[in-house]
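For reference, the chains in residue letters:
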Amino acid sequence: MFPPFDYFTYLRVRDSKRRQRADRFAALSPEYHAPFSTYDKIIINKPIEELVEEIQKGLISPVEVLRAYGKVAVKAHEKTNCVTELLLPEAETWVESEVNLKGPLAGLPVSLKDSVQVKGFDITVGYARFAGKPYKDDGPMVKLLKDAGAVPYAKTALPITLLSFESTNGLWGRCLNPHVPEYSPGGSTGGEGALLALGGRIGIGSDVAGSVRVPAAWSGIYALRCSTGRWPKVGMNTSMAGQEGVASVFSPMARTLNDLAYFTRSIIQMQPWKYDYTVHPISWRTDLENEPMGKKLKIGLMLSDGVVPPSPAIERALSTTVAALTAAGHTVTEITPPAGADPFSGLDLASQLLNSDGCKTFNSHFYSFEPSDPGAAQLTAVANLPRCLRYLYYLYVRYIKRDVKWAILLRNFGPKFAADQWKLVSRRESFRAIWHEWWDAESQQYDFILCPANATPALPHNAMHDAVSSCGYTFLWNLLDYPAGVMPVSHVDAARDALDAPYKTVLKRLGCDNGVARGGWKHYDAAKMAGLPTAIQIVGRRWQEEKVLGCMAVVEKALEDRGEKYALIELD
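Computed from a predicted structure; not experimentally measured.

**Re the sheet that holds strand S3 (residues 151–156)**
Turning to step 1, where the next piece is worked out: Across the sheet, which stays open at both edges, the 11 strands sit in the order S1-S3-S2-S6-S8-S7-S12-S13-S11-S9-S10 with mixed pairing between neighbours. A strand with exactly one partner marks an edge of an open sheet, and here the two such strands are strand S1 (83–86) and strand S10 (331–334). Going from strand to strand, the sheet's axes swing by 30 degrees on average, the running direction of each strand aside.
Turning to step 2, where the next piece is worked out: Across three bridges, the pairing between strand S7 (residues 222–225) and strand S12 (residues 484–491) is antiparallel. Each residue of the ladder has a partner; that of Leu224, found in S12, is Gly485.

As structure tokens, then:
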């Protein structure tokens, strides 16, 4: 059907997919809808190594484990609308016939971002146009998981376009934060964040500007953004096929740090380069993972990216972490980013690289009037401005409103010719070289960089209309292709984390009164955010995922020794 009449196709497909999902949940056997038993809770909270060993020895049935986590999926979906495709009926068959129960992930249920290829199911990535086209075979990632012993049991929510810290689309609806439902669970892997926070074990998401790390930060779980080539990516779909200026990477997520480390280690020990040609044959280096243990670390602190300062709740999470690390004998020093490659320059460069097609590709998949993401709609509006109007807008913002940072982002945001794209890639490589040399210098031999995962805790639904550009704390490390882990620290406190003046006044006082910061802080309200997680980010050098996980373990121990270990959501 041709536009605009294809709107009716969108409505028909949307209603059909939602009805199919509801029918699959309703058709589950009664035990999936029963309350958690004491045995279920033992399974869900058992250390991952013990659970795998007991499954391999036949002491616990993998079907019992699957059904316990099936209950998690049912209850989490009821609370947050986090599941797109329910795989449980098929999973019961897979665990009996296709899953290698001798593998390192024997019998462990794993949830997957909607964009992962599973046989018999669509990859819609939130677009109605991609529905009704189930794949005949598993993608390489799912084949690897089954060979490792894992059991895929659910695909999870994301935002249409995949370019948002929301997880909403017209096809599946809105995913809610597991702590405060009026807020976003993060994006674009927000469904994973919600499911894992509510009792899921391990999952897989993708990250091009923070899409596993922000859901981890906003939902209160753990995630590791891997460098390109360390984690499989073939057999996944995206809204921006061919975009390689800032590469999207698939990466692990988990409810606990121990689960995250075990999952990451297990997948890489499976030699994923045998399944996916994009993976580098870099074996797991246990010595690198253990290197941070038992020694005093040198830590660089990036308190602010110079664009959007951390809000009081996030600043408190950082100060709590710094105090714990200092008490443990580690050295924490605030860094000065290298000249010529500061975080704002990185944000400007990464934004141009990511959307060098002028937002054409991700918009090409919509049916007429199919709702877009508010943030993606803002990006599209700016990208589609005629060049002369964009320049006039730039002049107005820079010289009338005197907002230099916002003006620079506006001026260069738009479609690029191939020659312009090549120049941007050349600038990216120079940017990376500067940081590499900076970190190599004797004065900067940091074990890791500590910084916010985002300037604020979770934002309310539709806030991406204002905050879509406030992603510098994660986007910078995508541009540099550095591994970065996120871990929760505490929760927002209505009194301790309140602003002492209107947010614009505070930003002026901090010297950050720019459009990006105002968009990021506009919805900050400690009273309404009370109970939402706060988190930090731990950044390492390229292809050193093992050391990042080791450093995360050091940080968690330091917090625990100070009585500050994060409290997970308890099962109902």
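Okay, back to it.
**A look at a nonpolar patch on the surface**
Turning to step 1, where the next piece is worked out: A grouping of Tyr393, Tyr396, Tyr399 and Ile400 is seen on the molecular surface, where their side chains present a nonpolar patch of about 450 Å² in accessible area.
Turning to step 2, where the next piece is worked out: With respect to the helices and strands, the residue Tyr396 is situated in helix H16 (residues 387–400).

**So, the UniProt feature "active site" (unreviewed entry) in the protein**
Turning to step 1, where the next piece is worked out: UniProt marks Lys113, Ser188 and Ser211 with the feature "active site" (unreviewed entry), using the numbering shown here. Look at the named residues: they lie 99 residues apart in sequence, but the longest C-alpha span between them is just 10.7 Å, so in the fold they bunch up. Annotated residues from the preceding list that form part of the lining of the largest pocket: these are Ser211.
Turning to step 2, where the next piece is worked out: Within the element layout of this structure, Lys113 appears in strand S2 (residues 109–113).
Turning to step 3, where the next piece is worked out: When residues no more than four places from it in sequence are discounted, the contact partners of Lys113 are Lys155, Thr156, Leu158, Leu162, Ser188, Thr189, Glu192, Ile204, Gly205, Ser206 and Ser211.
Turning to step 4, where the next piece is worked out: Inspection of the secondary structure assignment puts Ser211 in the loop between strand S6 (202–207) and helix H9 (213–219).

**So, the packing of aromatic side chains**
Turning to step 1, where the next piece is worked out: Inspection of the entire model under this criterion finds 15 aromatic pairs.
Turning to step 2, where the next piece is worked out: Considering the side-chain rings of Tyr7 and Tyr10, the 5.9 Å spacing of their centres and the 40 degrees angle between planes classify their relative orientation as tilted. Note that Tyr7 and Tyr10 are positioned in helix H1 (residues 7–26) at a spacing of three residues, about one turn of the helix.
Turning to step 3, where the next piece is worked out: Residue Tyr7 is classed as partly exposed on the basis of its relative accessible area of 27%.
Turning to step 4, where the next piece is worked out: Look at Tyr10 and you get buried, because its relative accessible area is 4%.
Turning to step 5, where the next piece is worked out: Pairwise contacts between aromatic rings join Trp435, Trp438, Trp439, Tyr446, Trp477 and Tyr482 into one cluster.
Turning to step 6, where the next piece is worked out: The ring of Phe344 carries Lys405 above its face, with NZ or CZ at 5.6 Å from the centroid.

**Side note on the pattern of salt bridges**
Turning to step 1, where the next piece is worked out: Counted according to the given criterion, the structure contains 35 salt bridges.
Turning to step 2, where the next piece is worked out: Between Glu54 and Lys46 there is a salt bridge, with the nearest N and O atoms lying 3.5 Å from each other. The pair formed by Glu54 and Lys46 is uniform in burial state, with each residue classed as buried.
Turning to step 3, where the next piece is worked out: Arg432 is the salt-bridge partner of Glu429, the closest N and O atoms lying 3.3 Å from each other. With a gap of three residues between them, Glu429 and Arg432 both fall in helix H18 (residues 418–440), about one helical turn apart.
Turning to step 4, where the next piece is worked out: The exposure class assigned to Glu429 is partly exposed, which follows from its relative accessible area of 37%.
Turning to step 5, where the next piece is worked out: The exposure class assigned to Arg432 is buried, which follows from its relative accessible area of 16%.
Turning to step 6, where the next piece is worked out: A network of salt bridges, in which partner residues are shared, links Glu98, Lys119, Asp138 and Lys146.

**Here's the deal with the pairing of S6**
Turning to step 1, where the next piece is worked out: S6 sits mainly inside the fold: six of its six residues count as buried.
Turning to step 2, where the next piece is worked out: Residues Ile202, Ile204 and Ser206 point to one face of S6 and Gly203, Gly205 and Asp207 to the other, with burial holding for every one of them.
Turning to step 3, where the next piece is worked out: Summarising the sheet, S2 and S6 pair through three bridges and their orientation is parallel. By the bridge assignment, Ser111 is partnered in S6 with Gly203.
Turning to step 4, where the next piece is worked out: When S6 meets strand S8 (residues 249–254), the two strands line up antiparallel, connected through six bridges. Bridging from a neighbouring strand, Gly203 pairs with Met253 of S8.

**Description of empty space enclosed by the protein**
Turning to step 1, where the next piece is worked out: Throughout the structure, instances matching the rule amount to four cavities of 30 Å³ or more.
Turning to step 2, where the next piece is worked out: Here the largest cavity is characterised by a volume of approximately 90 Å³.
Turning to step 3, where the next piece is worked out: Taken together, Phe36, Val72, Lys75, Ala76, Lys79, Leu198, Ile569, Glu570, Leu571 and Asp572 form the lining of the largest cavity.
Turning to step 4, where the next piece is worked out: Residues belonging to the lining of the largest cavity are distributed by class as follows: six nonpolar, no polar and four charged.

**Considering the layout of surface pockets**
Turning to step 1, where the next piece is worked out: Taken as a whole, the largest pocket encloses approximately 800 Å³ of empty space.
Turning to step 2, where the next piece is worked out: The wall of the largest pocket is formed by 40 residues, among which Leu379, Trp406, Asp466, Val468 and Ser469 lie closest to the centre.
Turning to step 3, where the next piece is worked out: Where the lining of the largest pocket is concerned, the elements lending two or more residues are helix H13 (343–354), helix H15 (374–383), H16, helix H17 (404–412), helix H19 (464–467), helix H21 (503–509) and helix H22 (515–521).
Turning to step 4, where the next piece is worked out: In terms of residue class, the lining of the largest pocket is made up of 24 nonpolar, 10 polar and six charged.

**Here's the deal with the environment of His179**
Turning to step 1, where the next piece is worked out: Turning to its location among the elements, His179 is positioned in the loop between strand S5 (173–174) and helix H8 (190–197).
Turning to step 2, where the next piece is worked out: Residues His179 and His491, spaced 312 residues apart in sequence, show a C-alpha to C-alpha distance of 9.9 Å.
Turning to step 3, where the next piece is worked out: Those residues in contact with His179 that lie beyond four places of it in its chain are Trp218, Ser219, Gly220, His491, Gly531, Leu532, Pro533, Tyr566 and Ile569.
Turning to step 4, where the next piece is worked out: A distance of 2.8 Å separates a polar atom in the side chain of His179 from the backbone oxygen of Ser219.

**Topic: the nonpolar core**
Turning to step 1, where the next piece is worked out: Counting residues in hydrophobic clusters, the biggest one holds 92 residues, and the most contacted among them are Leu145, Leu450 and Ile538.
Turning to step 2, where the next piece is worked out: Per-element tally for this core: the top contributor is helix H5 (residues 62–80), with nine residues.
Turning to step 3, where the next piece is worked out: Among all residues touching Leu145, those that are not within four sequence positions of it are Leu105, Val110, Leu112, Ala150, Ile204, Phe263 and Ile267.
Turning to step 4, where the next piece is worked out: Judged by nonpolar contacts, the second largest core, of 91 residues, contains Ala313, Cys451, Leu459 and Met464.

Rules behind the numbers
Residues numbered from 1 in each chain as written. Predicted model: local features only at pLDDT ≥ 70, side-chain atom pairs only at ≥ 80, totals over all residues. Heavy atoms only, no water. Pairing = 2+ DSSP bridges. Helix = DSSP H or I, 4+ residues; strand = E, 2+ residues; numbered from the N terminus. Axes fitted to C-alpha atoms, helices over the stretch in contact; angles between N-to-C directions. Patch = residues over 30% accessible without salt bridge, like charges linked within 9 Å, V, L, I, M, F, W, Y side chains within 5 Å. Areas by Shrake-Rupley, 256 points an atom, 1.4 Å probe, with all protein chains shown as cover. Salt bridge = Lys/Arg side-chain N within 4 Å of Asp/Glu carboxyl O. UniProt positions renumbered as here; feature names shortened; annotations may be inferred. 1 Å grid on protein atoms, 1.4 Å probe; cavity = no way out; pocket = protein on both sides within 12 Å on 5 of 7 lines; lining within 4 Å. Contact = heavy atoms within 4.5 Å. Phe/Tyr/Trp six-rings, centres within 6.5 Å; stacked < 30°, edge-to-face > 60°. Buried < 20%, exposed > 50% of the residue type's maximum accessible area, 1.4 Å probe, protein only. Lys NZ or Arg CZ within 6 Å of the ring centre and 35° of its normal. Points joined across faces, edges and corners; volume = space filled by probe spheres on them. Nonpolar A, V, L, I, M, F, W, Y, C, P; charged D, E, K, R; others polar. Polar contact = N/O pair within 3.5 Å; in protein donor to acceptor, adjacent residues only side chain to side chain. Core = buried A, V, L, I, M, F, W, Y, C linked by side-chain atoms within 4.5 Å.

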